[in-house]
Number of protein chains: 2
Amino acid sequence: MNHSQRPPKPIGAAVPAPADASPADLDPTDWEAFRAESHRALDAMIDHLATLRERPVWREPSAEARERFRRPLPAEGQGLSAALEDFERFIQPYANGNIHPLFMGWAQGAGTPVGMIAEMLAAGLNSNCGGRNHIALDVERQIAAWMAEAFGFPLDASGVFVTGTSIANFLSLLVAREHALGEKNVRKNGLKALEEQLVAYASREAHNCVRQAMELAGLGARHLRLIESDGSHSLRIDELKRAIAEDRAAGLHPFLVVGTAGAVDTGAIDDLDALADIAKAEDLWFHIDGAFGALAVLSPALKPLVKGLERADSIAFDFHKWLHVPYDAGFFLVRDPEAHRRAFAANAAYLTRAPRGLAAGEIWPCDLGADLSRGFRALKTWFTIEVFGARRLGACIEKSCALAQRLRGHIEASQTFEMRAPVALNVVCFGVKDDDESGRLNREIVMELHESGEAAPSLTLLDGHPTIRAAIFNHRTRETDIDDFMQMLERAAQRARGEPPLAPLPTPREEGEPLSQD
Amino acid sequence: MNHSQRPPKPIGAAVPAPADASPADLDPTDWEAFRAESHRALDAMIDHLATLRERPVWREPSAEARERFRRPLPAEGQGLSAALEDFERFIQPYANGNIHPLFMGWAQGAGTPVGMIAEMLAAGLNSNCGGRNHIALDVERQIAAWMAEAFGFPLDASGVFVTGTSIANFLSLLVAREHALGEKNVRKNGLKALEEQLVAYASREAHNCVRQAMELAGLGARHLRLIESDGSHSLRIDELKRAIAEDRAAGLHPFLVVGTAGAVDTGAIDDLDALADIAKAEDLWFHIDGAFGALAVLSPALKPLVKGLERADSIAFDFHKWLHVPYDAGFFLVRDPEAHRRAFAANAAYLTRAPRGLAAGEIWPCDLGADLSRGFRALKTWFTIEVFGARRLGACIEKSCALAQRLRGHIEASQTFEMRAPVALNVVCFGVKDDDESGRLNREIVMELHESGEAAPSLTLLDGHPTIRAAIFNHRTRETDIDDFMQMLERAAQRARGEPPLAPLPTPREEGEPLSQD
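Here the structure is a predicted model, which means the values were calculated and not measured. (Residues numbered from 1 in each chain as written. Chains lettered and ligands numbered in written order. Predicted model: local features only at pLDDT ≥ 70, side-chain atom pairs only at ≥ 80, totals over all residues.)

K.L.:
When you look at the overall build of chain A in this model, what are you seeing that I'm missing?
P.N.:
A count of helices and strands for chain A gives 15 helices and 11 strands. For a compact globule of 518 residues, the expected C-alpha radius of gyration is about 24 Å, and chain A comes in at 25 Å, within 12% of that figure. Here the contacts in chain A between residues at least 6 apart in sequence split such that 73% fall between residues at least 24 apart. (Helix = DSSP H or I, 4+ residues; strand = E, 2+ residues; numbered from the N terminus. Rg over C-alpha atoms; globule rule 2.2 N^0.38 Å. Contact = placed C-beta atoms within 7 Å.)

Here you go:
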């Protein structure tokens, strides 16, 4: 690596802890020393990213590292130099590992060096994107328009950045609630005053955050009907129809159906067109949890799999998963901008809007969600799409699905392992053929691979059985990684057979309860 | 400025849009070219921060800039070089302006160069901090322990990063709801099944997000009692007692009182000790919205103003305001970790926790809030506190309060302006002495200063009267800036008197409705 362009390491700290406690401000006392220090930090992180393959996927944080973060509040600062040294020594080696090409545990994106630079710029500008009249809001609207275009929504669809799909799914429930009950002024009066009990529907394979959204909103988790899935892990349409009819007969008020595009455990996709038909016939809000699967639209080859997406009332998804925007960057897109705004906008906010100046503007992001303080998530997303283009991003998505098929081929050819679910997109669920009911071998293999730092698959439960899951998101993962991973699995299985048995899993799974936390 | 340490600008783009659409990955094809490009971007942003004073606080985005963000989804990427050029041309000049020393419009922090570097490192690691066994969670727990120490909470208090206080206040309401109704399994059953209607209490000066939290949770905004405030804009304790008694007599269920430490309009602080007494006597959850005011504890001089904070059940506040951590970095701290966890943890999550490896660990952040995908907000916060130390950060907070008193002095000495509220902390509310009922002059002055780019105060309503508000948060603001600002105000008032009258404000303020959106 050519390091000749780097600035020399400075002698003193750029941001010293001053002797007196009345500093002019928190800017560097010596900008050139700060500049040199910053460049050193940037170089070190670029080196880290360029040499990922040389290091383990994951390492248990050392006792010394953990101890470093159990100190009292420091009265005096240690300056930037020392903090950067602590970072390199105690933080960088013990990260989550999802940037590594052999990480395939959960539905997590890998980030990109481009995204890192964009995030640095956003932090430099430090704009609060809750509202007002500045360009960050135009960039956010650009992302909404792009996604509307990609999903086949009207181009005036309304969108807002959130942390992730957990929050976006919660917002969808609030928009659906307002849509169903707007004339009853549910925002003002609350749920207890209502005559009817709202009920919602999703697949039993739906992510736990859909149930959580029912809790947060006060609707109650038990009023989410978790509908049986079929052999391909998609929601059973006949069961959905039956459940709606039963609830109507019982005097309940069906208001929302949540389709899943890319189930957390298996990557399965519900029949979105059939759900759209039912939602229309039954006058339900049709929301899609497309946390990762929605972005399959960027691949012409995969797009047919999410047919029906274009008919949803709203879609929740994450740019930090399959688009590798740095964490966090979730998004919530709503077909009808007025329905979106009605669920959140407050009269109070309008009064402060001025005809001119910084407080001007029509609709602010704070009218479209629960956040008022918000970072500039649109910037790293805009950079990602502008730098790489939709076609290349779609090609990376397609590649990870092809890698999943490659792994499926290996599993099917293995003497040791067998497949446990169809591969709908990029998630491969498999296990040891002769594992016992407790899933001892599967569990041991996963922990073994983590601890060795070789690879990071995850463990999930499918129909109650502990199952190994490889979720292939990382744009850095190659065919040779998949081939190596298969070898690692075989070796880990051999090692695991020599181990003493594990204690049983802590508690049995509750019926219909979604499991995974991605 | 010495630019000799900078790398030369590269000739080619570091991340080109490749001719073929099947790239190996989204890493640079040429790491050294990417390195040079990144250093250039870093240098440009450091230059921008080092020369803030040479530019206007704010500029209306140009038509060309707005047009740049109204394009179709690009199929092909333009590469990093071109995207960075677009950033410098169309985004950087038209930012929100809160990093500028003459920005004093809303309760917004100014960021720091140190925070920018930390955010870059966090984006490089790209850890998802929803859970699992990696060091980011230790850093987040360190921040919780530090804040527990600073606020006088037990050191095992439980904390979680969120976007901002809007979300933290919402979480507080959910913890309080669970605390009040846990045995009725409200998470599962919902609110409609309850016999009782929950009611909460806050000052009429409380931030709108407290009301919003009641809406989100399904409790209904009208079940938040907005209690009258006194001459110092603090909640009237006698009125609170009366309201609780009335509600109990009416068969309602008081469950939560929200104290305000640093009201959005005036910076006023409720009598937190008196609220703690009432909460104890009435068995209410005592939450404090300390969005900015809570961090006054870092100044020994200011700490007595927030006496009683240490008795709260939970506190919501933002590191991105008075601690200048880059957006966004809100925090929610709860005295009783078990009460915190009970409101959010799902059985589903536990099952995936392994005895060893990456999926190990006891309590994960996803057990303490609504997010599962979460960036590494703890890192920029840790850097800020480690680099500067609590004493220096407290001194900056103290300085901004001293500057507010300086501005008050100027206003009181002015022939043109008069004070409109006491200065409790760092917020100065004032207006033109002989303005009309519509507040024409005050409104015009604020817009005029925005448009000229000289300064950015804001307009708010106090007792229905349009009022100019200077919220002094920025660590870069100096005494000379305050003196200059006073001159700008006088000149703007003269100019405004020559202007034609404005149209009236769009709608009258609803009784007791909080106004400002910070």
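K.L.:
I keep staring at the interface of chain B and chain A and nothing clicks. Help me out?
P.N.:
A common way to express how large an interface is: the accessible area buried when the components associate. Residue-level contacts link 173 residues of chain B with 173 residues of chain A. Its residues assigned to classes, the side of chain B that touches chain A comprises 86 nonpolar, 54 polar and 33 charged. (Nonpolar A, V, L, I, M, F, W, Y, C, P; charged D, E, K, R; others polar.)

K.L.:
What is the right way to read the sheet that holds strand S8 (residues 417-419) of chain B from this model?
P.N.:
Strand pairing in a sheet is mediated by backbone hydrogen bonds. Such pairs are either parallel or antiparallel. Residues and elements named next belong to chain B. Read across the open sheet, the 4 strands follow the order S8-S9-S11-S10; overall the sheet is antiparallel. Strands at the two margins of the open sheet, each flanked by one partner only, are S8 and strand S10 (458-462). This sheet shows a mean twist of 45° between the axes of neighbouring strands, independent of strand direction. Sheet topology places S8 next to strand S9 (residues 427-432); 3 bridges connect them, and they run antiparallel. Bridge assignment links Phe417 to a residue of S9, and that residue is Val432. The strands that helix H13 (residues 377-413) touches are S8, S9 and strand S11 (465-471); relative to S9, the one it contacts most, it runs at about 15°. (Pairing = 2+ DSSP bridges. Axes fitted to C-alpha atoms, helices over the stretch in contact; angles between N-to-C directions.)

K.L.:
Just checking my understanding: could you explain helix H8 (residues 208-216) of chain A for this structure?
P.N.:
Since the α-helix turns once every 3.6 residues, residues separated by three or four places project in the same direction. Residues and elements named next belong to chain A. The buried fraction of H8 is high, at 9 of 9 residues. Among the residues of H8, those classed as buried are Asn208, Cys209, Val210, Arg211, Gln212, Ala213, Met214, Glu215 and Leu216. Where H8 ends, the next residue or the one after it, Gly218, has phi of about 80°, a positive value. (Buried ≥ 20, exposed ≤ 12 C-beta atoms within 10 Å, placed from the backbone.)

K.L.:
Just checking my understanding: could you explain unusual backbone geometry for this structure?
P.N.:
Excluding glycine, residues mostly have negative phi values, and the peptide bonds linking residues are mostly trans. In the segment running from A:Tyr327 into A:Asp328, the intervening peptide bond is cis, with an omega of -10°. Relative to the assigned elements, A:Asp328 resides in the loop between strand S6 (314-318) and strand S7 (330-334). For B:Arg132, which is not glycine, the phi torsion reads 80° and is therefore positive. The backbone of B:His233 sits at a positive phi, close to 65°, despite the residue not being glycine. Within the secondary structure, B:His233 sits in the loop between strand S3 (224-227) and helix H9 (237-249). Of the residues examined, B:His233 has 23 C-beta atoms within 10 Å and is grouped as buried.

K.L.:
Sorry, what's going on with the domain arrangement of chain A here?
P.N.:
On domain assignment, one finds that chain A holds domain 1 (31-57 + 59-95), domain 2 (121-386) and domain 3 (391-497). Just the C-alpha atoms count here: the centres of domain 1 of chain A and domain 2 of chain A sit 37 Å apart. (Domains from an automatic or database assignment.)

K.L.:
Hey, could you run me through the packing of helix H14 (residues 440-452) of chain A against helix H15 (residues 479-497) of chain A in this one?
P.N.:
Residues and elements named next belong to chain A. The N-to-C vectors of H14 and H15 enclose an angle of 115°; their axes lie 9 Å apart at closest approach. Where H14 crosses over H15, the handedness of that crossing is right-handed. Across from Leu441, Glu444, Ile445, Glu448 and Leu449 in H14, the residues of H15 making contact are Met488, Leu489, Ala492, Ala493, Arg495, Ala496 and Arg497. Among the residues forming the contact of H14 with H15, the class breakdown is 8 nonpolar, no polar and 4 charged. (Left-handed = near helix turned anticlockwise from the far one by under 90°.)

K.L.:
When you look at the relation of the copies chain B and chain A in this model, what are you seeing that I'm missing?
P.N.:
The second copy of the chain is related to the first by a rotation about an axis and a shift along the axis. Mapping chain B onto chain A calls for a screw motion: a turn of 180° about the axis and a shift of 0.0 Å along it, with 0.0 Å RMSD after fitting. What we have between these two chains is a two-fold relation. With an isologous cut-off of 70% or more, the 99% of interface residues of chain B that recur at the interface of chain A puts this contact in the isologous class. (Least-squares fit on C-alpha atoms with pLDDT ≥ 70 in both.)

K.L.:
What is the right way to look at the nonpolar core in this model?
P.N.:
Nonpolar side chains in soluble globular proteins generally cluster together in the buried interior. The biggest cluster of nonpolar side chains holds 356 residues, and the ones touching the most others in it are A:Ala294, A:Leu333, B:Ala294 and B:Leu333. Setting aside residues no more than four positions away along its own chain, B:Ala294 makes contact with B:Phe151, B:Ala261, B:Ile288, B:Val306, B:Leu309, B:Ile315 and B:Phe317. (Core = buried A, V, L, I, M, F, W, Y, C linked by C-beta atoms within 7 Å.)

K.L.:
Mind showing me how you'd approach the sheet that holds strand S1 (residues 158-162) of chain B here?
P.N.:
All names here are of chain B. Judged by pairing direction, the sheet is mixed, and its 7 strands sit side by side in the order S1-S7-S6-S5-S4-S2-S3 without closing on themselves. With one partner strand each, in any of the chains shown, S1 and S3 form the two edges of the open sheet. Averaged over all adjacent pairs, the angle separating strand axes in this sheet is 20°, with direction ignored. Helix-sheet contacts for helix H8 (residues 208-216) involve strand S2 (198-203), S3, strand S4 (253-260) and strand S5 (285-289), and the interaxial angle to S3 is about 165°.

K.L.:
Would you explain the pairing of strand S5 (residues 285-289) of chain A in this entry?
P.N.:
A regular strand places its side chains so that they alternate between the two faces of the sheet. Residue and element names in this part refer to chain A. The buried fraction of S5 is high, at 5 of 5 residues. Alternating positions in S5 separate into two faces, Trp285, His287 and Asp289 on one and Phe286 and Ile288 on the other, with burial throughout. In the classification by handedness, the crossover that spans strand S4 (residues 253-260), the intervening helix H10 (residues 272-282) and the parallel S5 is right-handed. In terms of strand pairing, S5 meets S6 through 3 bridges, oriented parallel. The residue bridging Ile288 from the neighbouring strand is Ile315, located in S6. (Right-handed = clockwise from strand over helix to strand, strands pointing away.)

K.L.:
Would you mind going over the confidence of the model for chain A with me for this structure?
P.N.:
Residues and elements named next belong to chain A. The pLDDT averaged across chain A works out to 92; a share of 91% of its residues lies at or above 70. Long-range and interchain partners of residues 17-22, a stretch whose pLDDT sits below 50, account for 11 contacts in this model, where long-range means more than four residues apart. This model gives residues 504-516 a pLDDT under 50, and the stretch forms 30 contacts once residues within four places in sequence are excluded. In the model output, the complex is listed with pTM 0.94 alongside ipTM 0.93. (pLDDT = per-residue confidence, 0-100.)

K.L.:
How should I be thinking about helix H4 (residues 113-125) of chain A in this particular structure?
P.N.:
Residue and element names in this part refer to chain A. Between its first and last C-alpha atoms H4 spans 19 Å; for 13 residues at 1.5 Å apiece the expected length is 18 Å, and the two agree. Counting buried residues along H4, 13 of its 13 residues qualify, which places the element largely inside the surrounding structure. At the C-terminal side of H4, Asn126 shows a positive phi close to 55°. (Expected span 1.5 Å × (residues − 1).)

K.L.:
Would you take a moment to explain the environment of A:Trp322 for this structure?
P.N.:
Residues and elements named next belong to chain A. Along the polypeptide, Trp322 turns up in the loop between S6 and S7. Taking the number of C-beta atoms within 10 Å as the measure of exposure, Trp322 has 30 and is therefore buried. Note: C-alpha distance between Trp322 and Leu358 (36 residues apart in sequence) is 35 Å. Apart from residues no more than four positions distant in its own chain, Trp322 is found in contact with Gly109, Phe292, Leu295, Ile397 and Phe473.

K.L.:
I tried to follow the environment of A:Ile468 on my own but got confused; where do I start?
P.N.:
Residue and element names in this part refer to chain A. If you trace the backbone, Ile468 turns up in strand S11 (residues 465-471). In sequence terms Ile468 and Leu441 are 27 residues apart; their C-alpha atoms lie 9.9 Å from each other. Apart from the residues lying within four places of it in its own chain, the contact partners of Ile468 are Phe430, Gly431, Asn442, Ile445, Val446, Pro457 and Leu459.

K.L.:
Any chance you could explain the environment of B:Ile315 here in plain terms?
P.N.:
Residue and element names in this part refer to chain B. By the secondary structure assignment, Ile315 is in strand S6 (residues 314-318). Between the C-alpha atoms of Ile315 and Gly159, which are 156 residues apart in sequence, the distance is 9.4 Å. With near-sequence residues (within four places) excluded, Ile315 lies in contact with Phe151, Ile288, Gly290, Ala294, Leu309 and Leu333.

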